[in-house]
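Tertiary structure, described
So the chains spell out like this:
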Amino acid sequence: MFFMCSHCVARYRTIKDIDRAGLDLRLWCYACQHTAVLDGIIWSTFEDRGFPLEIDQARAHFRCRRCRSKDVLLIPARATGFRPKGPENIAAAWFFARRSAAKKRR
Ligand SMILES: [Zn+2]
């Protein structure tokens, strides 16, 4: 099984929140275990089409590219090219770096 960590659930409610944190979206297919990474900016397409931005509902609009299954999981991914947009993101990057360092010590 694959779980979203409690930290991610608490921090990100919408796919827009994930993009704001400077992260991309990772798609994970339950049917064939195929994974794909989408640019975090995908939320703007959702907004244009009137699709919901909440992670739980947005995932219904994705489809696995390999097996066409709609049973996919959406999780935040580390951005491939981290692009800081402002002080908020720099703070977020610092926060994540500290957090993962703290986890390793446990
Ligand atoms: Zn699949």
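Now for a look at the structure at hand. (Residues numbered from 1 in each chain as written. Predicted model: local features only at pLDDT ≥ 70, side-chain atom pairs only at ≥ 80, totals over all residues.)

1. Thoughts on the overall build of the protein chain
Of regular secondary structure, the protein chain possesses 5 helices and 3 strands. Along the chain direction, N to C, the helices and strands of the protein chain fall in the order α-α-β-β-α-α-β-α. Across the 106 residues in the protein chain, those meeting the buried criterion constitute 18%. A separation of at least 24 residues holds for 65% of the contacts in the protein chain among residues at least 6 apart in sequence. (Helix = DSSP H or I, 4+ residues; strand = E, 2+ residues; numbered from the N terminus. Buried ≥ 20, exposed ≤ 12 C-beta atoms within 10 Å, placed from the backbone. Contact = placed C-beta atoms within 7 Å.)

2. Looking at the pairing of strand β1 (residues 24-29)
Pairing analysis gives 6 bridges linking β1 to strand β3 (residues 72-77), with the strands arranged antiparallel. The partner of Arg-26 across the bridge, within β3, is Ile-75. Hairpin connection, β1 to strand β2 (residues 35-38): the antiparallel pair is bridged by 5 residues, and Gln-33 has positive phi, about 65°. (Pairing = 2+ DSSP bridges.)

3. A look at the environment of Gln-57
In this structure, Gln-57 sits in helix α4 (residues 55-58). The partly exposed category is assigned to Gln-57, around which 13 C-beta atoms lie within 10 Å. Here the alpha-carbon distance between Gln-57 and Thr-14, two residues 43 residues apart in the chain, equals 9.1 Å.

4. A closer look at the environment of Phe-51
Along the chain, Phe-51 falls in the loop between α3 (43-49) and α4. Judged by the 15 C-beta atoms lying within 10 Å of it, Phe-51 is partly exposed. Discounting residues that sit within four places of it in the chain, Phe-51 has contacts with Phe-46, Ala-58 and His-61.

5. Concerning the sheet that holds β2
As summarised here, the arrangement of the 3 strands in space is β2-β1-β3, forming an open sheet in which the pairing is antiparallel. Two strands bound the open sheet, and with one partner strand each, they are β2 and β3. Averaged over all neighbouring strand pairs, the angle between strand axes comes to 25°, with direction disregarded. (Axes fitted to C-alpha atoms, helices over the stretch in contact; angles between N-to-C directions.)

6. Observations concerning unusual backbone geometry
What you tend to see is this: most non-glycine residues have negative phi, and most peptide bonds are trans. Its identity as a non-glycine residue notwithstanding, Gln-33 has a phi of 65°, on the positive side. Inspection of the secondary structure puts Gln-33 in the loop between β1 and β2. Backbone geometry places Arg-68, a non-glycine residue, at a positive phi of 65°. Within the secondary structure, Arg-68 sits in the loop between α4 and β3. Judged by the 10 C-beta atoms lying within 10 Å of it, Arg-68 falls in the exposed class.

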